[in-house]
Amino acid sequence: EDQVTQSPEALRLQEGESSSLNCSYTVSGLRGLFWYRQDPGKGPEFLFTLYSAGEEKEKERLKATLTKKESFLHITAPKPEDSATYLCAVQALPGAGSYQLTFGKGTKLSVIP
Amino acid sequence: SQTIHQWPATLVQPVGSPLSLECTVEGTSNPNLYWYRQAAGRGLQLLFYSVGIGQISSEVPQNLSASRPQDRQFILSSKKLLLSDSGFYLCGLEILGNTIYFGEGSWLTVV
């Protein structure tokens, strides 16, 4: 069974204080690892897809990296508008015609001005 | 570009009442569609997915059902709601073979 564990559950940062969120996963065969951002009461917003160990993707103050067992979402000099819950999900090698995702419970990030 | 519409956005239903949540997508054809539920303190849980009209796969045995009457329409239903059906329901659209994008969701409170 595919599993995704995110840590910490919650993280409070001062504006400008860089940090990282962790996503550990077990999957029979990884097709892709996804990061989403979710604002309160909204649907998840897609951020990145990573496919192989060593891959990195960047978007503004966010950088996602991938190893064979975990992924990190690095946040550099965060701003209050980066406050949200960040979700990690894994996609196993295809079966039965779909590309379903297994999600972690998320890390709730609060950036204090 | 593709868009996902979900409605209603919010609803409060009594235990034992029926449910119908609708998802429609635009800007794509023959998409794979998904229903996920997000309950308090839990990750998103896959409920159903559909690879085409009339084709539904269920991931979790439960009180809910899904239907896909048209290519770009996906409906989540229940005949009799339970308290445990409360949650945030998200419709997902698969694009480019693997990335799933989500709608704005429907909040369901069963009382």
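Refer to the structure presented above.
Residues numbered from 1 in each chain as written. Chains lettered and ligands numbered in written order. Predicted model: local features only at pLDDT ≥ 70, side-chain atom pairs only at ≥ 80, totals over all residues. Heavy atoms only, no water.

Engineer: Help me understand the pattern of salt bridges in this model?
Structural biologist: Oppositely charged side chains may form a pair once their charged atoms are brought near each other. All names here are of chain A. Taken as a whole and assessed by the stated rule, the structure comprises seven salt bridges over all chains. A salt bridge links K63 to E56, with the nearest nitrogen and oxygen atoms 3.8 Å apart. When its relative accessible area of 47% is taken as the criterion, E56 is described as partly exposed. Between R61 and D82 there is a salt bridge, and its shortest N-O distance comes to 2.8 Å. Of this pair, R61 sits in the loop between β6 (56–59) and β7 (62–66) while D82 sits in the loop between β8 (70–75) and β9 (84–92); the two residues are 21 residues apart in sequence, bridging distant segments of the chain. (Salt bridge = Lys/Arg side-chain N within 4 Å of Asp/Glu carboxyl O. Buried < 20%, exposed > 50% of the residue type's maximum accessible area, 1.4 Å probe, protein only. Helix = DSSP H or I, 4+ residues; strand = E, 2+ residues; numbered from the N terminus.)

Engineer: Explain the interface of chain B and chain A here, please?
Structural biologist: Interface size is commonly expressed as the accessible area that is lost once the parts come together. Listed per partner, the contact involves 24 residues of chain B and 22 residues of chain A. Both faces combined, the contact of chain B with chain A buries some 1,700 Å², and carbon together with sulfur accounts for 51% of it. Among the residues of chain B in contact with chain A, L44, N98 and F102 of chain B are the three that bury the most area, contributing 27% of the side total. Taken together, the connections running from chain B to chain A amount to one salt bridge. Between E104 of chain B and K42 of chain A there is a salt bridge, with its nearest N and O atoms 3.8 Å apart. Between the two partners, chain B and chain A, sit three residue pairs in polar contact (both at pLDDT 80 or more). Looking at the side of chain B that touches chain A residue by residue, the classes come out as 12 nonpolar, eight polar and four charged. (Contact = heavy atoms within 4.5 Å. Buried area = accessible area lost by both parts, 1.4 Å probe. Polar contact = N/O pair within 3.5 Å; in protein donor to acceptor, adjacent residues only side chain to side chain. Nonpolar A, V, L, I, M, F, W, Y, C, P; charged D, E, K, R; others polar.)

Engineer: Help me understand the side chain of Q38 of chain B, please; the structure alone is not making it clear to me.
Structural biologist: Summarising the element assignment, Q38 of chain B is placed in strand β4 (residues 32–38). Note on Q38 of chain B: relative accessible area 16%, which makes it buried. A distance of 2.9 Å separates polar atoms of two side chains, one belonging to Q38 of chain B and the other to Q38 of chain A. Q38 of chain B has contacts with Q38 and L87 of chain A together with G43, L44, G87, F88 and L90 of chain B, leaving out every residue within four places of it along the chain.

Engineer: What's the story with the sheet that holds strand β1 (residues 3–7) of chain B in this structure? I'm lost.
Structural biologist: Strand pairing in a sheet relies on backbone hydrogen bonds, with the paired strands running either antiparallel or parallel. Residues and elements named next belong to chain B. Pairing is antiparallel in the open sheet, where four strands are placed in the order β1-β3-β8-β7. Two strands in the sheet have a free side with no partner beyond their single neighbour: β1 and β7 (65–70). On average, adjacent strands in this sheet sit at an angle of 20° to one another, irrespective of strand direction. For β7 and strand β8 (residues 73–78), the ladder comprises four bridges, and the chain directions are antiparallel. The residue of β8 that forms the bridge with Q70 is Q73. (Pairing = 2+ DSSP bridges. Axes fitted to C-alpha atoms, helices over the stretch in contact; angles between N-to-C directions.)

Engineer: Help me understand the nonpolar core, please; the structure alone is not making it clear to me.
Structural biologist: In a soluble, globular protein the nonpolar side chains are often hidden away together inside. Counting residues in each nonpolar core, the largest one holds 22 residues, and the members touching the most others are L33, W35, L73 and Y86 of chain A. Here this core gets four residues from one element, more than from any other, and that element is β9 of chain A. Residues in contact with L33 of chain A, not counting those within four places in the same chain, are C23, Y25, F48, T49, L50, L66, S71, C88, A89 and V90 of chain A. Judged by nonpolar contacts, the second largest core, of 21 residues, contains L33, F48, C91 and L108 of chain B. (Core = buried A, V, L, I, M, F, W, Y, C linked by side-chain atoms within 4.5 Å.)

Engineer: Even after reading the chapter, I still don't get the layout of surface pockets, so can you show me in this structure?
Structural biologist: Where empty space is left in the structure can be found by rolling a water-sized probe over the atoms. Its boundaries defined by the atoms lining it, the largest pocket holds a volume of some 660 Å³. The wall of the largest pocket is formed by 25 residues, among which Q38, T85 and K105 of chain A together with Q38 and G41 of chain B lie closest to the centre. Of all the elements in the fold, those that place two or more residues in the lining of the largest pocket are β1 (3–7), β9 and β11 (107–112) of chain A together with β9 (87–95) of chain B. Classifying every residue of the lining of the largest pocket by side-chain character gives nine nonpolar, 11 polar and five charged. (1 Å grid on protein atoms, 1.4 Å probe; cavity = no way out; pocket = protein on both sides within 12 Å on 5 of 7 lines; lining within 4 Å. Points joined across faces, edges and corners; volume = space filled by probe spheres on them.)

Engineer: Explain the state of the cysteines here, please?
Structural biologist: Two cysteines whose sulfur atoms are joined by a covalent bond form what is called a disulfide. All names here are of chain A. One pass over the full model with this rule turns up two disulfides over all chains. Between the sulfur of C23 and that of C88 lies a disulfide, 1.9 Å long from S to S. Between C23 and C88, the disulfide has an S-S torsion of -65° and is therefore left-handed. Here C23, found in strand β3 (residues 19–26), pairs with C88, found in strand β9; they are 65 residues apart in sequence, far enough to count as distant. (Disulfide = S-S within 2.5 Å.)

So yeah, pure geometry; function would need other evidence.
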